[in-house]
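# What the coordinates show
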Amino acid sequence: MGKYAKLRLKILSGEADAAIDFAALCQLLIRLGFDERITGSHHIFSRDDVDEILNLQAKGAKAKPYQVRQVRGVLVRYRLGGHDVDPI
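Residues numbered from 1 in each chain as written. Predicted model: local features only at pLDDT ≥ 70, side-chain atom pairs only at ≥ 80, totals over all residues. Heavy atoms only, no water.

## Structural notes on the packing of helix α1 (residues 3–13) against helix α2 (residues 22–31)
To describe two helices that pack against each other, one gives the angle between their axes and the distance between the axes. Stated precisely, the cut-off is as follows: Working convention: axes come from line fits to C-alpha atoms, limited for helices to the stretch in contact. Angles between N-to-C directions cover 0 to 180 degrees. Secondary structure elements are defined from DSSP: runs of H or I of at least 4 residues count as helices, runs of E of at least 2 residues count as strands, and each element is numbered from the N terminus. The labels follow the angle: roughly parallel below 35 degrees, roughly antiparallel above 145, roughly perpendicular from 65 to 115, and oblique for the rest. Any two residues having at least one pair of non-hydrogen atoms within 4.5 Å are treated as being in contact. The nonpolar class holds Ala, Val, Leu, Ile, Met, Phe, Trp, Tyr, Cys and Pro. Asp, Glu, Lys and Arg form the charged class, and all remaining residues, Gly among them, are polar.
Two elements in contact, α1 and α2, have axes whose closest approach is 10 Å; the angle formed by their N-to-C orientations is 105°. By the angle class used here, α1 and α2 are roughly perpendicular. Seen from α1, the contacting residues are Y4, L7, R8 and I11; seen from α2, they are A24, L25, Q27, L28 and R31. Considering only residue class, the contact of α1 with α2 consists of 6 nonpolar, 1 polar and 2 charged.

So this is what it looks like as structure tokens:
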């Protein structure tokens with residue numbers, strides 16, 4: 001199991017929302033097909049088949065826990081990441 005598959009499982013478990021690395025979270029969303037737009041400190045992620053827009057900001061090097069919960073909700077609601085998100 002690769003780095004991003006482990007990160008996805010960590011997010012889905014909900015046990016470490018305050019310990020998710022922000023850069024890795026952004027990279028995971030990009031690997032899941034989201035488009036990233038950066039405006040100042042806001043990283044805005046959108047995808048054509050997802051109604052929600054994810055607006056993320058870092059807190060130091062970590063993602064904000066409530067934003068990790070939002071990402072988890074989108075992953076579950078749209079069943080994203082069932083395929084391998086790590087490079088071969």
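So that's the structure; there's more coming.
## Comments concerning the nonpolar core
Generally speaking, a soluble globular protein has its nonpolar side chains buried in company with each other. What counts, and what does not: Working definition of a nonpolar core: buried Ala, Val, Leu, Ile, Met, Phe, Trp, Tyr and Cys residues. They are joined through side-chain atoms within 4.5 Å. We call a residue buried when its accessible area falls under 20% of the maximum for its residue type, exposed when it is over 50%, and partly exposed in between, using a 1.4 Å probe and counting protein chains only.
In terms of nonpolar packing, the biggest core is built from 23 residues, with I11, L25 and F34 touching the most fellow members. Secondary-structure elements contributing two or more residues to this core are α1, α2, β3 (50–56) and α3 (65–77). Per-element accounting of this core gives the leading share, 6 residues, to α2. Residue contacts for I11: discarding those within four places in its chain leaves I20, L25, L28, V68, R72 and L75.

## Some details on the sheet that holds β3
Within a sheet, adjacent strands bond to each other through the backbone by hydrogen bonds, running parallel or antiparallel. Where we set the bar: Paired strands, as defined in this entry, are two strands with at least two bridges between them according to DSSP.
Ordered in space as β1-β2-β3, the 3 strands form an open sheet in which the pairing is antiparallel. Only two strands of the sheet have a single partner each, and these edge strands are β1 (35–39) and β3. Averaged over neighbouring strand pairs, the angle between their axes works out to 20° when direction is ignored. Of the strand pairs in this sheet, β1 and strand β2 (residues 42–47) are connected by 5 bridges, and their pairing is antiparallel.

## A word on the pairing of β3
It is a general feature of regular strands that their side chains alternate between the two faces of the sheet. In this sheet, β3 lies alongside β2 in antiparallel orientation, the contact comprising 4 bridges. What sits directly across from H43, in β3, is L56. What sits between β2 and β3 in their antiparallel hairpin is a turn of 2 residues.

Just distances and angles here, no functional claims.
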